[in-house]
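# Commentary on secondary and tertiary structure
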Amino acid sequence: MHPTTLTACHECDLLQWRVVLPERRTVRCGRCDAVLYRIPPAGFERPLAFTVAAAVLFMVACAFPMVGLWIRGELVETTLIGAALSMYAQGEWPIAGLVLVTTILMPLLSIAATLYLLLPMRSGYPPRGLRIVSRLLRHASPWAMIEVLMLGMLVALVKLRHFATIVPGTALWAFGAVMLLLAAVGQVFDLSDVWARAYANAAHGLRRRVSRATTAGAPGLTAARAGLCLCHDCGLLSETVDSCGQSTCPRCGAFLHPRKRDSLARSWAFLLAAIALYVPAMTFPVMVTTSLGRTQGDTIMSGVVFLWMSGSWSLAAVVFIASIVVPMLKILSLVYLVSSTQLRTSLIPKERTRIYRIIESVGRWSMLDIYVITILVALIRFDQIATIAPGPGVIAFGAVVVLTMLASLSFDPRLIWDAMEAEGE
């Protein structure tokens, strides 16, 4: 990588020089401390090996049972797909679809897309359809939640031990290995590096415009002020050419937007819908247990109390934080970020950007209770002893998780820093 190549921060839009560093280093923005890019290993052998192993184990995890219950000489087992189908059979098709998308479809798409990119790059030539596959990988990655599923399995195992003897399945260990392997792939594979190596000589006339922008601008110049825009699909910094501030990336063909379209309006829409559903999600039962003729509805909070009273204090704290504290704080934080950005305040921009970064990283963990309920519904179906069915609050809770994720994905943190730019003029 050439040491005089420019890049722009995707969170504050500050133009900065790319630097040459040893492998496995992370470069952060000098203004907002966001990760600009990572320096991956020189070859593609290591990420390819990790991805192939993850693909094989993922197939094993989908085909074999996750966990079983041994009760009265009978073994009841379920696969992950079987657990989702149990929710569908109970009439909760939105939750069944959400589980399948976040634990099967999106991880499978991410693994397949990564393999598709790495195999030809390992042989020294760019893959066909790089534009489509890289875009698919970028959009699928935030919704692949294997690590949240693993924590959900752990919580479900603690609850299941009160019903019968637990028999851990092959898929439980396979999913754990997939989680570790995908984390390793994330450390040694960078999508922008694939584009840089596949189109090493594609300057696309950018050098002249970059030179003019950097020599004419003051320190701290943003890409938008210089008439430049960072492509979120391939990572190329190119110029915006039309009067509407839009163009297509000359390398991957994606539409370039200096700022996300209608960012605040879309964030408010998703956020207000999440606020409306938060109260029923917390107050309505998410799980209905029938045991020896007695029916009891459990809210998310009562599930936390159950874990605490059974002695699993650490898991009770995890579930309380992931399922109650995180959704509430995420909603409050997004309200603060969106409203303060709309008012164009220039106060504490770095801290507000850090809040956004935290929201992005922890929001997915609220899916924990959805996975726990799905596993329990699939396994606890002893008609004469006990059965568990999803409650009316489970759809509301799942909607809150999805809506808050969509709200944070719609929000553009670069708007936080635009107020500082306007104030400094």
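Residues numbered from 1 in each chain as written. Predicted model: local features only at pLDDT ≥ 70, side-chain atom pairs only at ≥ 80, totals over all residues. Heavy atoms only, no water.

## Overview of the overall build of the protein chain
A count of helices and strands for the protein chain gives 15 helices and 15 strands. Look at the contacts in the protein chain between residues 6 or more apart in sequence, and 70% of them connect residues 24 or more apart. Of the roughly 19600 Å² of accessible surface on the protein chain, 63% is carried by carbon and sulfur atoms. (Helix = DSSP H or I, 4+ residues; strand = E, 2+ residues; numbered from the N terminus. Contact = heavy atoms within 4.5 Å. Areas by Shrake-Rupley, 256 points an atom, 1.4 Å probe, with all protein chains shown as cover.)

## A few points about the sheet that holds strand 5 (residues 67–71)
Taken together, 3 strands build an open sheet; the order of strands is 6-5-7 and the sheet is antiparallel. Unpaired on one side and paired on the other, strand 6 (74–78) and strand 7 (165–168) mark the two borders of the sheet. On average, each strand axis in the sheet is tilted by 25° relative to the strand beside it, whichever way the strands run. (Pairing = 2+ DSSP bridges. Axes fitted to C-alpha atoms, helices over the stretch in contact; angles between N-to-C directions.)

## Considerations on the pattern of salt bridges
Enumeration over the complete set of coordinates arrives at 6 salt bridges. Residue Arg259 is joined to Asp13 by a salt bridge in which the shortest nitrogen-to-oxygen separation is 3.2 Å. Taken together, the residues span a long stretch of sequence, with Arg259 in the loop between strand 11 (255–256) and helix 9 (263–283) and Asp13 in the loop between strand 1 (6–8) and strand 2 (15–17) at a distance of 246 residues. Accessibility expressed as a relative area gives 17% for Arg259, which makes it buried. Given a relative accessible area of 3%, Asp13 falls into the buried group. Between Arg122 and Glu45 there is a salt bridge, with its nearest N and O atoms 3.5 Å apart. In this pair, Arg122 is assigned in helix 3 (residues 93–122) and Glu45 in helix 1 (residues 45–63), connecting sequence segments 77 residues apart. (Salt bridge = Lys/Arg side-chain N within 4 Å of Asp/Glu carboxyl O. Buried < 20%, exposed > 50% of the residue type's maximum accessible area, 1.4 Å probe, protein only.)

## Brief notes about the packing of aromatic side chains
What the rule picks out here adds up to 2 aromatic pairs. Ring plane angle 80° and centroid distance 6.2 Å describe the contact between Phe58 and Phe175, whose orientation is recorded as edge-to-face. Taken as a pair, Phe58 in helix 1 and Phe175 in helix 6 (residues 170–188) lie far apart in primary sequence, 117 residues in all. When its relative accessible area of 0% is taken as the criterion, Phe175 is described as buried. (Phe/Tyr/Trp six-rings, centres within 6.5 Å; stacked < 30°, edge-to-face > 60°.)

## A short note on unusual backbone geometry
Here the phi dihedral of Asp33 falls at roughly 70°; this positive angle occurs in a residue that is not glycine. Of note, Asp33 is situated in the loop between strand 3 (26–28) and strand 4 (35–38). One non-glycine residue with positive phi stands out, namely Ile348, at about 35°. Ile348 gets classed as partly exposed once you look at its relative accessible area, which sits at 46%.

## Observations regarding the packing of helix 4 (residues 130–140) against helix 7 (residues 191–198)
Helix 7 packs onto helix 4 with a crossing angle of 165° between their chain directions and a minimal axis gap of 11 Å. By the criterion of interaxial angle, the relationship of helix 4 to helix 7 is roughly antiparallel. Considering the relative orientation of helix 4 and helix 7, their crossing is left-handed. Of the residues in helix 7, those touching helix 4 at Leu130, Arg131, Ser134 and Leu137 are Leu191, Val194, Trp195 and Ala198. Of the residues assigned to the contact of helix 4 with helix 7, the class counts are 6 nonpolar, 1 polar and 1 charged. (Parallel < 35°, antiparallel > 145°, perpendicular 65-115°, else oblique. Left-handed = near helix turned anticlockwise from the far one by under 90°. Nonpolar A, V, L, I, M, F, W, Y, C, P; charged D, E, K, R; others polar.)

## Looking at a nonpolar patch on the surface
Among the surface-exposed residues, Met301, Val305, Trp308, Met309, Trp313, Phe320 and Ile321 lie close enough to one another that they form a single nonpolar patch of about 760 Å² accessible area. Residue assignment for the nonpolar patch shows that the elements contributing at least two residues are helix 10 (300–309) and helix 11 (313–342). Counting residues per element, the nonpolar patch draws most heavily on helix 10, which supplies 4 residues. Relative to the helices and strands, Trp308 is located in helix 10. (Patch = residues over 30% accessible without salt bridge, like charges linked within 9 Å, V, L, I, M, F, W, Y side chains within 5 Å.)

## A word on the confidence of the model for the protein chain
Within the protein chain, residue pLDDT values average 82, and 88% of them lie at 70 or more. Counting contacts from residues 201–219, a segment whose pLDDT is below 50, to residues more than four positions away or on other chains yields 18 contacts. (pLDDT = per-residue confidence, 0-100.)

## A short note on helix 6
For the α-helix, the turn length of 3.6 residues means that residues three or four positions removed from each other point alike. With 19 residues, helix 6 should cover 27 Å at 1.5 Å per step; its first-to-last C-alpha distance of 27 Å lies within 8% of that length. Among the residues of helix 6, those classed as buried are Ala171, Leu172, Ala174, Phe175, Gly176, Val178, Leu181, Val185 and Val188. Where the residues of helix 6 are buried, they touch helix 1, helix 2 (80–89), helix 3, helix 5 (146–160) and strand 7. (Expected span 1.5 Å × (residues − 1).)

## Points about helix 11
Over its 30 residues, helix 11 runs 41 Å from end to end, which matches the ideal 44 Å to within 8%, given 1.5 Å per residue. A bend of about 40° at Val325 is the largest found in helix 11, and the proline Pro327 appears one to four places after it. Just beyond helix 11, the residue with positive phi is Arg344, at close to 55°. (Bend = angle between axes of the 7 residues up to and from the residue.)

## A closer look at the environment of Val99
Mapping Val99 onto the fold places it in helix 3. The sequence separation of Val99 and Met87 amounts to 12 residues, and the corresponding C-alpha distance is 9.4 Å. Residues contacting Val99, with those up to four places away along its chain left out, are Leu80, Ala84, Ile104, Ile370, Tyr371 and Thr374.

## Some words on the state of the cysteines
Applying the stated criterion across every chain, the model contains 0 disulfides. The cysteine Cys12 is free of any disulfide, with Cys29 supplying the nearest cysteine sulfur at 3.5 Å. Of the residues examined, Cys12 reaches a relative accessible area of 1% and is grouped as buried. (Disulfide = S-S within 2.5 Å.)

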